[in-house]
Amino acid sequence: MKLQFLGTGAATGIPLAFCNCAACAKARKLGGREIRRRAAALVDGELLIDLGPDVPAFMAQSGLDLGRVRYLLQTHAHSDHFDAGHLVTRMAEYAVKDVERLEVMASRETLRAMAVWMKTEEPGLELLSEAGQRALNLSLRPIRAGERAQMGPYEITALDSRHDPGQQALVYRIRRAGAALLYATDLLALGEEEWSVLREAPLDAAVLDMTYGAGFNAGGHPDADQVYGMARRMRQQGILKPSGRVLATHISHEGNGALEEMGQLARPFGVEIAWDGMILEI
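Residues numbered from 1 in each chain as written. Predicted model: local features only at pLDDT ≥ 70, side-chain atom pairs only at ≥ 80, totals over all residues. Heavy atoms only, no water.

A.B. asks: Report on the pattern of salt bridges, specifying residues and quantitative values.
C.D. replies: This structure, assessed with the given rule, holds 17 salt bridges. For the salt bridge of Lys26 with Glu261, the shortest nitrogen-to-oxygen distance reads 2.7 Å. Note that Lys26 is positioned in helix H1 (residues 22-30) and Glu261 in helix H8 (residues 259-266), a separation of 235 residues in sequence. Take Lys26: its relative accessible area is 35%, and that puts it in the partly exposed class. Here Glu261 falls in the partly exposed class, since its relative accessible area comes to 34%. (Salt bridge = Lys/Arg side-chain N within 4 Å of Asp/Glu carboxyl O. Helix = DSSP H or I, 4+ residues; strand = E, 2+ residues; numbered from the N terminus. Buried < 20%, exposed > 50% of the residue type's maximum accessible area, 1.4 Å probe, protein only.)

A.B. asks: Now, about the sheet that holds strand S11 (residues 203-209): what can you tell me, with residues and values included?
C.D. replies: Spatial ordering of the open sheet is given by S7-S8-S9-S10-S11-S12-S13, a layout of seven strands whose pairing is mixed. Each having just a single partner strand, strand S7 (148-151) and strand S13 (271-273) make up the two edges of the open sheet. Ignoring strand direction, the axes of neighbouring strands in this sheet form an average angle of 25 degrees. As paired strands, S7 and strand S8 (residues 154-160) are joined by four bridges and run antiparallel to one another. Looking across to S8, one finds that Gln150 is bridged to Glu155. Sheet strands touched by helix H7 (residues 224-236): strand S10 (179-184), S11, strand S12 (240-249) and S13. Its angle to S12, the strand with the most contacts, is close to 165 degrees. (Pairing = 2+ DSSP bridges. Axes fitted to C-alpha atoms, helices over the stretch in contact; angles between N-to-C directions. Contact = heavy atoms within 4.5 Å.)

A.B. asks: I'd like to hear about empty space enclosed by the protein, residue by residue, with values.
C.D. replies: Enumeration over the complete set of coordinates arrives at one cavity of 30 Å³ or more. In this structure, the largest cavity spans a volume of roughly 60 Å³. Along the walls of the largest cavity sit Ile14, Ala23, Lys26, Ala27, Glu34, Arg36, Gly257, Ala258 and Leu259, which together make up its complete lining. Taken together, the residues that form the lining of the largest cavity break down as five nonpolar, one polar and three charged. (1 Å grid on protein atoms, 1.4 Å probe; cavity = no way out; pocket = protein on both sides within 12 Å on 5 of 7 lines; lining within 4 Å. Points joined across faces, edges and corners; volume = space filled by probe spheres on them. Nonpolar A, V, L, I, M, F, W, Y, C, P; charged D, E, K, R; others polar.)

A.B. asks: An account of the pairing of S12 is requested, with residue identities and associated values reported.
C.D. replies: With six bridges joining them, S11 and S12 adopt parallel strand pairing. Its bridge partner lying in S12, Ala205 is registered against Arg245. As for the winding sense of the linkage, the β-α-β connection from S11 through H7 to S12 is right-handed. The pairing of S12 with S13 spans three bridges and is parallel. Within S13, the residue paired with Leu247 across the bridge is Glu272. (Right-handed = clockwise from strand over helix to strand, strands pointing away.)

A.B. asks: An account of unusual backbone geometry is needed here, citing residue identities and associated values.
C.D. replies: In this structure, the amide linkage connecting Ile14 to the following residue, Pro15, adopts the cis form with an omega of 0 degrees. When you line up the elements, Pro15 lands in the loop between strand S1 (2-7) and H1. You will see that His250, though not glycine, has its phi angle at about 55 degrees, which is positive. For His250, the location among the structural elements is in the loop between S12 and H8. The exposure class assigned to His250 is buried, which follows from its relative accessible area of 1%.

A.B. asks: Residues and numbers for the packing of aromatic side chains, please.
C.D. replies: Scanning the entire structure with this criterion turns up three aromatic pairs. Look at Tyr71 and Tyr154: their rings are 6.0 Å apart centre to centre, the planes differ by 75 degrees, and that puts the pair in the edge-to-face class. Within this pair, whereas Tyr71 is found in strand S4 (residues 71-73), its partner Tyr154 is found in strand S8, the two being separated by 83 residues in sequence. Each member of the pair, Tyr71 as well as Tyr154, carries the same accessibility label: buried. (Phe/Tyr/Trp six-rings, centres within 6.5 Å; stacked < 30°, edge-to-face > 60°.)

A.B. asks: Outline the nonpolar core, supporting the account with residue identities and numerical values.
C.D. replies: Val43, Leu47, Met118, Ile156, Tyr172 and Ile174 are the most contacted members of the largest nonpolar core, which has 58 residues in total. Of the residues forming this core, the biggest block, five residues, is contributed by helix H4 (residues 108-121). Apart from the residues within four sequence positions on either side, Leu47 is in contact with Ala41, Leu42, Tyr71, Leu73, Tyr154, Ile156 and Ile174. Grouped together as the second largest cluster of nonpolar side chains are 32 residues, Trp195, Ala248, Ala266 and Val271 included. (Core = buried A, V, L, I, M, F, W, Y, C linked by side-chain atoms within 4.5 Å.)

A.B. asks: A description of the side chain of Ser107 should follow, citing residues and the corresponding values.
C.D. replies: Positionally, Ser107 belongs in the loop between strand S5 (102-106) and H4. In contact with Ser107, other than residues within four places in its own chain, are Ile143, Gln167, Gln168 and Leu170.

A.B. asks: Lay out the sheet that holds strand S14 (residues 279-281) in plain terms, naming residues and giving numbers.
C.D. replies: Taken together, the seven strands give an open sheet; going across it, the order is S6-S5-S4-S3-S2-S1-S14, and neighbouring strands pair in mixed fashion. Sheet topology places strand S6 (138-142) and S14 at the edges, where each strand pairs with a single neighbour. Here the strands of the sheet are splayed against their neighbours by 20 degrees on average, with no regard to which way each runs. Relative to strand S2 (residues 40-43), S1 runs antiparallel, the two sharing four bridges. Looking at S2, one finds that Phe5 is bridged to Ala41.

Any functional reading would require information beyond the geometric quantities listed.
In structure tokens form, the structure reads like this:
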């Protein structure tokens, strides 16, 4: 599998629109990999994880074709992870041409939340109806925490992220042809049930939410110390293959610095800091 990070920032991205803290000022000055769009990722050019607001622009700038995407794994429907305005452009009324049929997988609660967002864009569109799905050239696949499902060539295991119980936010283990990946953005914590599931099949890579820097946690997301602890436990319990990698994403300016500085702090704990456009081959 090939994973490409389309965005590695938290809900506000980096730099924040109106912020002049040291981290944001440095990101504006250095540009390049210091600029973080809101978190999303692409597997093998065909499986998208979260249709966030920054995805189409980044893909177009990178020479990637969103119209070739066949599968969408939606973790939840918060506005930094799901942009209904992008999805409605699949309708014939927008003169869309030559797009693959899209299979969308998420929890039932997230699908309902997505439907509400869709109606704000197109009041007559009912995402949960057969007519709405025909109009968008897609199908919906509800999945529960702890459930496994096949999505094309991918085996998907859904895990409870504990991030938003109202939407039953999920994170996903993705397996294909012996390769295994955990993509866990907006992860509040892994419970013992989730740890038990992860022990079933060693991972080639674990992508973990690291919104906050060490010693700084405003709640709702992990900080660096928590991520370092998860990485250590994964290695101790054989959840990661010997060559398995841990990468941090969903990064905010709160307690964090520039990419190189973060990398120096994380390296002793066996954690890498992902950046927008980074490609991981597993």
